[in-house]
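Summary of the model geometry
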Amino acid sequence: MNIERSSYSAMFTGVFTAITASLCCITPVLALIAGTSGMASTFAWLEAFRPFFIGLTVLVLGFAWYQKLKSKSQQEIDCACENDVKPSFLQSKRFLLFVTLFAGLMLAFPYFSGLFYAQPTKEIIYVQQDNMVDITFTVEGMTCSGCENHIESEVNKLDGIVSVKASYEKSNTTVKYDRTKVTEQRIIKAINNTGYNVSE
């Protein structure tokens with residue numbers, strides 16, 4: 001029974017660390033769904049600890065699988081016969097498999113978080129060359145492709161945006177826009193409203 005309890009604890013610790021490892025990328029999607037995009041960068045500070053959380057998740061789930069799959073000692077077999085109770089679903093290998101798959105999805109979340117951001121349908125706009133502005137903003141707080149998608153989604157909602165490309169690796173966002181339809185200040189405000197900051 002003690003082994004079952006430690007395996008059970010390891011499963012939930014694994015899920016917790018997997019979610020924590022991707023929390024910096026999950027929060028912008030939750031913020032977008034809730035309509036409070038300003039809280040998107042709240043957990044960006046966790047990005048520095050992501051490798052630690054990933055390693056901890058793998059170790060904890062590895063321990064849980066070891067506990068489930070190792071052969072039982074004679075004493076454990078004798079003890080189990082006395083109770084003759086079928087283990088609950090929460091103590092089964094099936095549940096551990098479910099937990100492991102869920103943890104894997106959470107760890108991979110930064111790679112597919114872009115699917116949660118609606119790609120705006122843009123009508124083709126013709127801009128006179130002298131009205132076209134191409135500007136690059138330095139943006140602080142981006143840590144993954146989910147952050148990029150969040151900024152691109154918000155800026156694309158503005159009228160007059162021709163293209164926008166955010167890069168967390170370069171800490172910048174490049175925007176091409178029609179200056180007769182949108183101002184630089186409105187673009188900066190849209191980026192800042194996501195929770196990331198344009199540094200001037």
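These numbers were taken from a predicted model, which means no experiment stands behind them.

Procedures and definitions
Residues numbered from 1 in each chain as written. Predicted model: local features only at pLDDT ≥ 70, side-chain atom pairs only at ≥ 80, totals over all residues. Heavy atoms only, no water. Helix = DSSP H or I, 4+ residues; strand = E, 2+ residues; numbered from the N terminus. Contact = heavy atoms within 4.5 Å. Areas by Shrake-Rupley, 256 points an atom, 1.4 Å probe, with all protein chains shown as cover. Expected span 1.5 Å × (residues − 1). Buried < 20%, exposed > 50% of the residue type's maximum accessible area, 1.4 Å probe, protein only. Arc of directions from axis to C-beta. pLDDT = per-residue confidence, 0-100. UniProt positions renumbered as here; feature names shortened; annotations may be inferred. Pairing = 2+ DSSP bridges. Salt bridge = Lys/Arg side-chain N within 4 Å of Asp/Glu carboxyl O.

Re the overall build of the chain
- Looking only at helices and strands, the chain features seven helices and four strands.
- Reading the chain from its N end, one meets helices and strands in the order α-α-α-α-α-β-α-β-β-α-β.
- Here the analysis covers contacts within the chain between residues at least 6 apart in sequence; of these, 73% occur between residues at least 24 apart.
- Approximately 12000 Å² of the chain is accessible, and the part contributed by carbon and sulfur atoms is 59%.

Notes on unusual backbone geometry
- Of note, the phi angle at S171 is positive, near 55°, even though the residue is not glycine.
- Along the chain, the position of S171 falls in the loop between β2 (161-167) and β3 (172-178).

Concerning helix α3 (residues 50-69)
- The first and last C-alpha atoms of α3 sit 28 Å apart over 20 residues, in line with the 28 Å expected at 1.5 Å per residue.
- Of all the residues in α3, the buried ones are R50, F53, T57, V60, L61, A64, Q67 and K68. The buried residues of α3 occupy one face: seen down the axis, they fall within an arc of 120°. For α3, the exposed residues lying more than 90 degrees away from the buried face are P51, F52, V58, L59 and L69.

Digging into the confidence of the model for the chain
- This prediction gives the chain a mean pLDDT of 79; 73% of its residues lie at or above 70.
- Across the chain, the element-wise mean pLDDT spans from 59 in helix α4 (residues 74-83) up to 94 in β3.

Points about the UniProt feature "transmembrane region" (unreviewed entry) in the chain
- Following the UniProt record, one finds the feature "transmembrane region" (unreviewed entry) at residues 12-36, 48-66 and 95-118.
- Between the end C-alpha atoms of residues 48-66 there is a gap of 29 Å, over a span that is 89% helix and 0% strand.

A few points about the pairing of strand β1 (residues 132-140)
- Pairing geometry for β1 and β3, over seven bridges, is antiparallel. What sits directly across from I135, in β3, is V175.
- Where β1 meets strand β4 (residues 197-199), three bridges bridge the pair, whose relative direction is antiparallel. Within β4, the position partnered with T138 by the bridge is S199.

Considering the pattern of salt bridges
- Tallied over the entire structure, the rule returns two salt bridges.
- Put simply, K165 and E152 hold a salt bridge, and the shortest N to O gap is 3.9 Å. Linking K165 in strand β2 with E152 in helix α6 (residues 145-156), this pair joins segments that are 13 residues apart in sequence.
- Residue classification places K165 among the exposed residues on the basis of a relative accessible area of 52%.

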